[in-house]
Amino acid sequence: MKSILLTFFVCIVTCTTLFSQEDHPYDKFELLNDSLTSSSIKQTLLYYNQQKFNKPFGHKIYHHIPKGKTFWMHFSLPKTEENYYFTIGNSYLPHGKVYSYSNGTLDSLETLHYITNRGYKQVFYRQPTWLLKAKNHKTEYFVEIKDVESKTRLAPQLNTTNDFLKLVEIEYFLTGGTLTYVCLLILIILILFLVEKKYSLLWYGSLVFFMAMAMLANKGIGPQYFWGESEFLITSTKSFSHTMMALSSCFFYANFYPFPKRLFYLKKILTIFGYISAGLGAVYIYKMFYGGLYDWYIVVWAVLKPMVFIVGIIHIILIFHKVIPFYLGFGFLNSIIGIFIFVYNNPTYQDSILKNFFFSELFNLGLILEMTLMLVYIISSNANAKNLASKLENENNTLKRSFNQNLNEQTNNLVNDVHDTFGSYIEALNLQIKNNSDHQLLQTTIKAFRNDYKILLNNNFLPNIDTHNFYEALSEYCKKINQITTVHVMLGFSNPNNTSIPKPLTLEVYKIVCELTTNVIKHAKANTATIKVYIDENTIVLNVKDDGIGMKKEQQKGFGINSVKKRVQFLQGVFQLTSELNKGVSYKISIPIQSTVTEQLYYL
């Protein structure tokens, strides 16, 4: 990942030093004095004769043209034997016109759409271009420009035929290379979708597709080659593409990022933003069929700008919580930085062609970097998911074998418990019937039989228990035990942080409580037993204590203790037993709430 970022910045630094422009004809350009206005070429000629074109054009590419005002620029060419091409570097300039004036003659030049007489080649140039034919006398040229944008890109170029074709070649090489890379991204994501069958990848593919559409529109290539006959596409493709990019990115982020529960609200915000973008896009569909709404793009950008800002904050939060890697947030913020650089930076003509290209296309280049990093994240996430799935499958098989072994042991323990408990009662009843024992003794034996039978049923009945009714289930169990035994069981329960416990883990802890309580009833000869459950953010702590006869060390390996120990070890917990003769037994068990085993319990 570091190599990708390093390569990106090395390319920018290296390319911005190449193709430097040695000759700068921009000092030839003069502007009409700001205090004057002119709406006609005749008035402009009058101002020229009065030497009112006295404001230097400067070296900035972007200029501010007040809305409704005509911007006038002047330059002159001496006697020349070769043709020149004058170009304004703005594909979406609403109005541009060039006049020539020489020997008292005023002519209006036509805008070129293509250049012929280049052998088999025919160059179609997408920016406003005028041919300045060779003349044997000095000629004055006046450029009339109108625009409705607050920031107008002029970037005038005055080149000979060869230099002009070189400029076209460089720009098409840069733009073509960029679009080729974007198409490669689309192809890769389609292959990934066909292999992985993840529909969230379609949102990513849609994002890259509309980014390519926005680039085609921004560079004027779309109207030149693809949709030159559609007024809607010419005027609305850029803003519509940005709207669909917002829709695609929000739904992609919401469906692909692994949001934890505590940050699930961020997913909802992204989903809401996606639906808002869909509503904005629906208006464009209406506009395509019924026309009108010429200023709708202003509303769109008023909505999209704060949305982009909030999505950037969401990425920072996700990075802080280590939900997504740092480089992903860097890629997203890089395109936002590109917007701010475009708004507040004004490159100069002294910069190289490639440097101006990078600065003017920094937003698109930032998007391409973001898409590349996102593709790396998608591929690495899929690879990690497959590795994790393989690892989980192996662990799952191991846990299943362990669980089945534990289940067999539990079954054997249950059989032995039934035999030990009820076998003795059956033999006692048989002897009493044969010896015609008195009725009272027979009733006592049957009552004891019934109580032990109820205890066994309670211990093997597993309620539908989860984190919400955990306390109620334990309380109900203690209540039933108190009704059928002479041991008084007391329950203490504390969950101060309202920590959520996985449902399978609540069932396991419930089983442990039942086993320890049964031990107390059957073997401790106790009057009271206390069960305390304390839950913090990471651990369940269980304390069970009785006031019975206690047990010796050799007895601590029986009486169902081994079964509890194995269950606690299976849950990656800690089991402690302390006992003194005639002072009872105390059990302390600590079990982690989140562990590999806890997650696997869902699949057993």
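The rules behind the values
Residues numbered from 1 in each chain as written. Predicted model: local features only at pLDDT ≥ 70, side-chain atom pairs only at ≥ 80, totals over all residues. Heavy atoms only, no water. Helix = DSSP H or I, 4+ residues; strand = E, 2+ residues; numbered from the N terminus. Buried < 20%, exposed > 50% of the residue type's maximum accessible area, 1.4 Å probe, protein only. Contact = heavy atoms within 4.5 Å. Areas by Shrake-Rupley, 256 points an atom, 1.4 Å probe, with all protein chains shown as cover. pLDDT = per-residue confidence, 0-100. Salt bridge = Lys/Arg side-chain N within 4 Å of Asp/Glu carboxyl O.

### A few points about the overall build of the protein chain
For step 1, the next point in the chain: Looking only at helices and strands, one finds 16 helices and 19 strands in the protein chain.
For step 2, the next point in the chain: Residues counted as buried form 44% of the 604 residues belonging to the protein chain.
For step 3, the next point in the chain: For the protein chain, the share of sequence-separated contacts (at least 6 apart) that also reach a separation of at least 24 residues comes to 76%.
For step 4, the next point in the chain: With an accessible surface of roughly 32,700 Å², the protein chain has 57% of that area assigned to carbon and sulfur atoms.

### What about the confidence of the model for the protein chain?
For step 1, the next point in the chain: On average, residues of the protein chain score 77 in pLDDT, and 74% of them reach the 70 mark or higher.
For step 2, the next point in the chain: Of the regions scoring below 50 in pLDDT, residues 12–24 engages in 25 contacts with residues more than four places distant in sequence or in other chains.
For step 3, the next point in the chain: Low confidence marks residues 419–425, where pLDDT is under 50. Its contacts with residues over four positions away, or in another chain, come to 13 contacts.

### Some points on the pattern of salt bridges
For step 1, the next point in the chain: Throughout the structure, instances matching the rule amount to 5 salt bridges.
For step 2, the next point in the chain: Here glutamate 508 and lysine 511 are joined by a salt bridge, their closest N and O atoms 3.6 Å apart. In this pair, glutamate 508 and lysine 511 are both assigned in helix 14 (residues 503–524), 3 residues apart and thus about one turn of the helix distant. Exposure class is identical for glutamate 508 and lysine 511. Each is buried.
For step 3, the next point in the chain: A salt bridge links lysine 583 to glutamate 580, with the shortest nitrogen-to-oxygen separation between them at 3.6 Å.
For step 4, the next point in the chain: When its relative accessible area of 59% is taken as the criterion, lysine 583 is described as exposed.

### Structural notes on helix 15 (residues 561–570)
Three- or four-residue spacings in an α-helix give side chains the same orientation, since the helix completes a turn every 3.6 residues.
For step 1, the next point in the chain: For helix 15, the set of buried residues is Ile561, Ser563, Val564, Arg567, Val568 and Phe570.
For step 2, the next point in the chain: Where helix 15 terminates, the next one or two residues include glutamine 572, which has phi positive at roughly 60 degrees.

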